[in-house]
Amino acid sequence: MPKRVDHDQRRAEIAEALVRVAARRGLHAVGMRDVAAEAGVSLRLVQYYFETKEKLLLHGLRHLTGGFTERVAARVRAAGDDPGPRALIEALLTVSLPTDEESRRFHLVHTSYAVLAMTDGQLAAQPFLDDPDAAEDTVARLLREAGEAGLTAPGVDARADAIGLLAMAAGLGTAVLAGQRSPESAAAALGHQLDRLFL
C-alpha cells in the first residue's frame, strides 16, 4: 500500500526550511532551490506545492506569524488562569524580543518581510501588513480594559500608548539583534514603561 503523505505537514516543513535559510542569508537572497536543499527535498517538490517563489514567500509568512501566535498563547497560559491586562500585554511584547534562536529567527525574518513588502507589490497587498494593526488593536483594548478597572495611571491614552509600546518592542528587538542591548535590558526597559502605565 502506498505511503500516505500529510500535505499540510510537508508544506509546514518547507516553510520552516524557508525561515531557517532566510534567517541565515536574508529573505532577498533565498531561492526555491535553497529551500529545497534545506528541507532535504527536491526542487520539483517545492515547485509542486508552491509553484512560484511568491507563493512560497506568502506561505512562509503565514507559517512565521502562526508560530509567533502560538508562542504568545503559550506565554499567556504560563501567566496563569486570570493574568490580567498587564500580564497579557507583557506576554505579547516580550515574546517578540529575540531572546532565543526561535524568536531571533522570527524577528529577523519578519523584519525582512516588512522591508521586502516596501518594494514588492504582491507582498504588500497581503494581510501581513494588517498583523501590526491586529496587535495594536489587542494592546489598545487591554489598556482600555485596564483603565476601566482603575489599573492604569491617569492620562493613559490606550491607542497612543499601544502604538508606543509596540514600536518600543520592535526597536528593542532590533537593538538586541544588533548587539547594542542584551535581552535582559530590553525586557527591563519594557517593564519600566509598563510600570509607568500601570498602577
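Our subject is the structure that appears above.
Scoring rules and cut-offs
- Residues numbered from 1 in each chain as written.
- Predicted model: local features only at pLDDT ≥ 70, side-chain atom pairs only at ≥ 80, totals over all residues.
- Heavy atoms only, no water.
- Buried < 20%, exposed > 50% of the residue type's maximum accessible area, 1.4 Å probe, protein only.
- Helix = DSSP H or I, 4+ residues; strand = E, 2+ residues; numbered from the N terminus.
- Arc of directions from axis to C-beta.
- Contact = heavy atoms within 4.5 Å.
- Salt bridge = Lys/Arg side-chain N within 4 Å of Asp/Glu carboxyl O.
- 1 Å grid on protein atoms, 1.4 Å probe; cavity = no way out; pocket = protein on both sides within 12 Å on 5 of 7 lines; lining within 4 Å.
- Points joined across faces, edges and corners; volume = space filled by probe spheres on them.
- Nonpolar A, V, L, I, M, F, W, Y, C, P; charged D, E, K, R; others polar.

Attention now goes to helix H2 (residues 32-39). Restricting attention to buried positions, one finds in H2 the residues Met32, Val35 and Ala36. Buried residues of H2, seen end-on, are gathered within an arc of 100° and therefore sit on one face of the element. Turned more than 90 degrees away from the buried face of H2, the exposed residues are Arg33 and Ala37. Contact partners of the buried residues in H2: helix H1 (7-25), helix H3 (43-50) and helix H4 (53-78). Backbone geometry just after H2 places Gly40 at a positive phi near 75°.

As a further point, take the pattern of salt bridges. The tally for this structure, following the rule as stated, stands at 14 salt bridges. Between Asp34 and Arg25 there is a salt bridge whose closest N-O contact spans 3.1 Å. Residue classification places Asp34 among the partly exposed positions, given a relative accessible area of 26%. Since its relative accessible area comes to 43%, Arg25 is described here as partly exposed. Here Arg86 and Glu90 are joined by a salt bridge, their closest N and O atoms 3.7 Å apart. Of this pair, Arg86 and Glu90 both sit in helix H5 (residues 84-95), 4 residues apart, roughly one helical turn. The partly exposed category is assigned to Glu90, whose relative accessible area is 27%.

A few words on the layout of surface pockets. Within this model, the second largest pocket holds a volume of roughly 200 Å³. Lining of the second largest pocket is provided by Glu16, Val19, His63, Leu64, Gly66, Gly67, Glu70, Arg71, Glu102, Arg105 and Phe106. Taken together, the elements giving at least two residues each to the lining of the second largest pocket come down to H1, H4 and helix H6 (101-117). It is H4 that contributes the most residues to the lining of the second largest pocket, 6 residues altogether. Partitioned by chemical class, the residues of the lining of the second largest pocket number 3 nonpolar, 3 polar and 5 charged.

So, to be careful, I would describe these as geometric facts and stop short of saying anything about function.
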